[in-house]
Amino acid sequence: MWMHDHYMWGFWWIFPLFVITFFVVLIILLVKVFSGGAISGSRNEVEELRKEIRNLKEEIETLKKQRN
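Values in this document were obtained by computation on a predicted structure and should not be read as measured data. (Residues numbered from 1 in each chain as written. Predicted model: local features only at pLDDT ≥ 70, side-chain atom pairs only at ≥ 80, totals over all residues. Heavy atoms only, no water.)

S.K.: Would you mind showing me how to read the overall build of the chain here?
M.R.: Across its full length, the chain holds 2 helices and 0 strands. Here the chain holds 68 residues, and 0% of them are scored as buried. With an accessible surface of roughly 7,100 Å², the chain has 67% of that area assigned to carbon and sulfur atoms. (Helix = DSSP H or I, 4+ residues; strand = E, 2+ residues; numbered from the N terminus. Buried < 20%, exposed > 50% of the residue type's maximum accessible area, 1.4 Å probe, protein only. Areas by Shrake-Rupley, 256 points an atom, 1.4 Å probe, with all protein chains shown as cover.)

Here it is, written out as structure tokens:
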């Protein structure tokens, strides 16, 4: 009764579509962030990089000692 024929036409349906799309994208981004995806990087990668930096610093120190 409350819905008349003129409510069927128009672009009112676009706004709920935008809201649903926004929430789907937001959920996907949150899942990626909290699972350690492409946005934040994983903890294993960070630890590997720290180990590599330590190894490189040690190599630099040994090369400096060899020159002296």
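There is more to say after this.
S.K.: I'm lost on a nonpolar patch on the surface in this one. Help?
M.R.: The grouping of Val19, Phe22, Phe23, Leu26, Leu30, Val33 and Phe34 at the surface amounts to a nonpolar patch, some 690 Å² of accessible area in total. As for its placement among the helices and strands, Val19 is situated in helix H1 (residues 14-34). You can call Val19 partly exposed: its relative accessible area is 44%. (Patch = residues over 30% accessible without salt bridge, like charges linked within 9 Å, V, L, I, M, F, W, Y side chains within 5 Å. Salt bridge = Lys/Arg side-chain N within 4 Å of Asp/Glu carboxyl O.)

S.K.: Can you walk me through the packing of aromatic side chains in this structure?
M.R.: Counted according to the given criterion, the structure contains 1 aromatic pair. Between Phe22 and Phe23, the aromatic rings sit 5.6 Å apart at their centres with planes inclined by 65 degrees, giving edge-to-face as the arrangement. The class for Phe22 is exposed, based on a relative accessible area of 52%. (Phe/Tyr/Trp six-rings, centres within 6.5 Å; stacked < 30°, edge-to-face > 60°.)

S.K.: Honestly, the pattern of salt bridges in this entry has me stumped. Any pointers?
M.R.: As a working rule, side chains carrying opposite charge can pair if their charged atoms are close by. For the coordinates displayed, the defined rule picks out 1 salt bridge. Here Arg50 and Glu47 are joined by a salt bridge, their closest N and O atoms 3.5 Å apart. Taken together, the residues Arg50 and Glu47, both in helix H2 (residues 43-67) and 3 residues apart, mark about one turn of the helix. The exposure class assigned to Arg50 is partly exposed, which follows from its relative accessible area of 46%.

Structural measurements only, silent on function.
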